[in-house]
Amino acid sequence: MDRFADEGELASVLGDWTEGPGPLYQKLVDALRRVIAEGELLPGFLLPSERRLARALEVSRATVVAAYDLLRDEGMLSRKVGSGTRVHPSVRALQRARPAQVPHGGATALMRRLVDGPGRVISLTTADSGLDIANDLACAMLEVIDDLPALLSDSGYHPRGLSALREALARHHSGQGPPTTADEIVVTTGATQSLVLIAQMYVTRGSIVVVESPSWPGCLDVFRAAGAELVAVPMDEDGVRPDLLADTVATLGPALIYLMPNYHNPTGALMPKTRRRQVAQIAARYGVPLVEDCATGLSGEMPAPIAAFAPERAEVLTLGSLGKTVWSGLRLGWTRAPAAVAGVLAGYKALADMGSSLLPQAVATSLMPRLTELAAERAAAQRIRREALEELLREQLPDWRWRSPAGGSALWIELPGVNAQIFAQVALQHGVEVVPGALADPSGRHDSYIRLPCTFSAEAMVAVVRKLAGAWARLSERSSNSAGLSAGTMTSGSRLDGRPGVA
């Protein structure tokens, strides 16, 4: 079977390629040249036809024809009559000459925005708290300064994490339900590092990892980078469906289950207590380790984590973070796991970086007594902003559909009758970068969805919705003459890396 580059995902990887001066076709040449050199398009890949890529990028066919012709003249592309345009085998030497490659996957474009900076667009790819935490952090830092002599006398190497912080995190988890000791906590540089280390522990090439549909592209790509085959289980308004999860686990015998029970990203679903118990029992029954990613937010009204309902034989790892509750710049995450598992995880952490920086850990330790209070404050403020965003959308984009989430920092919005990857290109031209649903679920079930954070200031939120409304109006004007606006037009089930688009 030919390996081919889906035009929708290719458009996402190209990112904000229209930015800057110069003719449009030359900017497309530069962008395609870049993704080929970086290994996002491998030798032999069949590129989309000029017409399909033009439709996905919202440009004229002549623009794509000119770009393809120039890249063929450079030797980066080749064309045979009847077999289409492909990445030329000679680019393999160029790709090998690069010192490192970014793993392929849906999060590539999102991570590139973090690397390259915001540029001219308003990026909706991240959803930080967006709230004023300066006073809380300043007070915590002053406490650290008072204790600085003792901290500086330490060796600085703590792969498990600073002892005082692990004890504070253990008390926090014990208060939520599952009795926890400091030996069951490993502190990491953000929740993403926890996920990377867990993937190293459990996943080998060809391993099956069961995830939700949809899920967050960055998390999916962590498992892909480890060589996993992802199998997605559909969700409903309460999270992953236990009946389908049990069938999938029983049939496939996966290496790992990965779920987000707390204000799921991107849907905002909050898994109720009854379902958490069902999920824990499924993991225990089939002996499959389960990762519950609780880094998407905290709230005093939230049910206990899945680990609290797990039978003794179950292996449940709970991820936490201060990113959404306090500040993502702390880069402070952790994993709660059975002591033996935590010990192994600490070994991987030691190999990764010998332990996270102690200064952010000391600040986090100072904040821990107020964590529940801070979480409640953040949740209340986010609710106000989310309701304000919903009101703006009802006024300016009444055709859009969404379910008001239980919590979290974003809305999961359906664009009726429109492929969100096409809308994303139009939105870029209006100065806004959105996350289309195909990145969160390449099976095609959510091609018409976008994720819209509600963490901006009131003024910025008005500007964002105004720009999105302008992009929607432009797309609507073209809809009568466009044959590619339906959500099923584009083939979103294939990956840029040639793997089946299961999840």
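Residues numbered from 1 in each chain as written. Predicted model: local features only at pLDDT ≥ 70, side-chain atom pairs only at ≥ 80, totals over all residues. Heavy atoms only, no water.

## Description of the overall build of the protein chain
Link 1 in the chain: The secondary structure content of the protein chain amounts to 19 helices and 16 strands.
Link 2 in the chain: The buried share among the 503 residues of the protein chain stands at 56%.
Link 3 in the chain: Here the protein chain has roughly 20200 Å² of accessible surface; of this, 54% comes from carbon and sulfur atoms. (Helix = DSSP H or I, 4+ residues; strand = E, 2+ residues; numbered from the N terminus. Buried < 20%, exposed > 50% of the residue type's maximum accessible area, 1.4 Å probe, protein only. Areas by Shrake-Rupley, 256 points an atom, 1.4 Å probe, with all protein chains shown as cover.)

## Observations concerning unusual backbone geometry
Link 1 in the chain: Between Ser213 and the following residue, Pro214, the backbone shows a cis peptide bond with an omega angle of 5°.
Link 2 in the chain: Locating Pro214 in the fold gives a position in the loop between strand S5 (208-213) and helix H11 (217-225).
Link 3 in the chain: With an omega of 20°, the peptide bond between Asn265 and Pro266 qualifies as cis.
Link 4 in the chain: With phi around 50°, Tyr263 is a residue other than glycine that occupies positive phi space.
Link 5 in the chain: Relative to the helices and strands, Tyr263 resides in the loop between strand S8 (256-259) and helix H13 (273-286).
Link 6 in the chain: Owing to a relative accessible area of 10%, Tyr263 belongs among the buried residues under this scheme.

## Considerations on the side chain of Asp293
Link 1 in the chain: Summarising the element assignment, Asp293 is placed in strand S9 (residues 290-293).
Link 2 in the chain: Of the buried charged residues, Asp293 lacks a salt bridge, with Lys324 as the closest side chain of opposite charge at 9.0 Å.
Link 3 in the chain: Engagement of the side chain of Asp293 in a polar contact is seen with the side chain of Tyr258, the distance being 2.6 Å.
Link 4 in the chain: Within the structure, Asp293 has its side chain in polar contact with the backbone nitrogen of Ala295 (distance 3.0 Å).
Link 5 in the chain: Asp293 has contacts with Cys219, Tyr258, Leu259, Met260, Pro261 and Leu319, leaving out every residue within four places of it along the chain. (Lys, Arg positive; Asp, Glu negative; His and termini not counted. Salt bridge = Lys/Arg side-chain N within 4 Å of Asp/Glu carboxyl O. Polar contact = N/O pair within 3.5 Å; in protein donor to acceptor, adjacent residues only side chain to side chain. Contact = heavy atoms within 4.5 Å.)

## Quick notes on the side chain of Glu7
Link 1 in the chain: Of note, Glu7 is situated in helix H1 (residues 7-14).
Link 2 in the chain: Using a relative accessible area of 5% as the deciding quantity, one classes Glu7 as buried.
Link 3 in the chain: Of the polar contacts made by the side chain of Glu7, one reaches the side chain of Arg52; its length is 2.7 Å.

## Looking at the layout of surface pockets
Link 1 in the chain: Roughly 430 Å³ of internal volume is contained in the second largest pocket.
Link 2 in the chain: In terms of lining residues, the second largest pocket is bounded by 21 residues, among which Asp236, Glu237, Thr267, Arg403 and Trp412 are the most central.
Link 3 in the chain: Those elements that provide at least two residues to the lining of the second largest pocket are strand S6 (229-236), strand S12 (401-402) and strand S13 (410-414).
Link 4 in the chain: Tallying contributions element by element places S6 first for the lining of the second largest pocket, with three residues. (1 Å grid on protein atoms, 1.4 Å probe; cavity = no way out; pocket = protein on both sides within 12 Å on 5 of 7 lines; lining within 4 Å. Points joined across faces, edges and corners; volume = space filled by probe spheres on them.)

## Structural notes on the confidence of the model for the protein chain
Link 1 in the chain: Mean pLDDT over the protein chain works out to 87, with 87% of the residues at or above the 70 mark.
Link 2 in the chain: For the stretch residues 483-503, pLDDT sits under 50, and the model shows 80 contacts to residues farther than four places along the chain or on other chains. (pLDDT = per-residue confidence, 0-100.)

## Focus: the sheet that holds S13
Link 1 in the chain: In spatial order, the strands read S12-S13-S16-S15; together these four strands make up an open sheet with antiparallel pairing. Two strands lie at the open edges of the sheet, namely S12 and strand S15 (435-436), each paired on one side alone. (Pairing = 2+ DSSP bridges.)

## A look at the pattern of salt bridges
Link 1 in the chain: Summed over the entire model, instances satisfying the criterion amount to 19 salt bridges.
Link 2 in the chain: Across the pair Arg275 and Asp236 runs a salt bridge, and its minimum N-O distance is 2.7 Å. Taken together, the positions of Arg275 in helix H13 and Asp236 in strand S6 put the pair 39 residues apart, joining distant regions of the chain.
Link 3 in the chain: Using a relative accessible area of 27% as the deciding quantity, one classes Asp236 as partly exposed.
Link 4 in the chain: With its nearest N and O atoms 2.9 Å apart, the salt bridge here joins Lys349 to Asp353. Remark: Asp353 and Lys349 occur in helix H14 (residues 339-353); sequence separation between them is four residues, near one turn of the helix.
Link 5 in the chain: Asp353 sits in the partly exposed class, given a relative accessible area of 29%.
Link 6 in the chain: Counted as one network, the salt bridges with shared partners bring together Asp136, Arg370, Glu373, Glu377 and Arg378.

## Regarding helix H19 (residues 458-478)
Link 1 in the chain: Counted at 1.5 Å a residue, the expected span for H19 with its 21 residues is 30 Å, and the 31 Å between its end C-alpha atoms agrees.
Link 2 in the chain: Of the residues making up H19, those classed as buried are Met461, Ala463, Val464, Val465, Leu468, Ala469, Ala471, Trp472 and Leu475.
Link 3 in the chain: Contact partners of the buried residues in H19: strand S3 (122-123), helix H16 (371-396), helix H17 (420-429), strand S14 (432-433) and strand S16 (449-453). (Expected span 1.5 Å × (residues − 1).)

## Observations concerning the packing of aromatic side chains
Link 1 in the chain: This structure, assessed with the given rule, holds five aromatic pairs.
Link 2 in the chain: Ring geometry for Trp400 and Phe423: centres 5.7 Å apart, planes at 90°, overall edge-to-face. Pair noted here: Trp400 is in the loop between H16 and S12 and Phe423 is in helix H17, with a separation of 23 residues, a long-range link.
Link 3 in the chain: Taken together through their ring pairs, the aromatic side chains of Trp400, Phe423 and Trp472 make up a single cluster.
Link 4 in the chain: When the ring centre of Trp216 is taken as reference, the NZ or CZ atom of Arg451 above it lies at 4.5 Å. (Phe/Tyr/Trp six-rings, centres within 6.5 Å; stacked < 30°, edge-to-face > 60°. Lys NZ or Arg CZ within 6 Å of the ring centre and 35° of its normal.)

## A short note on the pairing of strand S10 (residues 316-321)
Link 1 in the chain: Counting buried residues in S10 gives six out of six residues, a clear majority hidden from the surface.
Link 2 in the chain: Side-chain alternation along S10 places Val316, Thr318 and Gly320 on one buried face and Leu317, Leu319 and Ser321 on a second face that is also buried.
Link 3 in the chain: Sheet topology places S9 next to S10; four bridges connect them, and they run parallel. Each residue of the ladder has a partner; that of Glu292, found in S10, is Thr318.

## What about the environment of Gly431?
Link 1 in the chain: Among the secondary structure elements, Gly431 is positioned in the loop between H17 and S14.
Link 2 in the chain: Residue Gly431 is classed as buried on the basis of its relative accessible area, which comes to 8%.
Link 3 in the chain: With 309 residues separating them in the primary sequence, Gly431 and Ile122 have C-alpha atoms 6.1 Å apart.
Link 4 in the chain: Look past the residues within four positions of Gly431 in its chain and what remains in contact with it is Arg120, Val121, Ile122 and Lys467.

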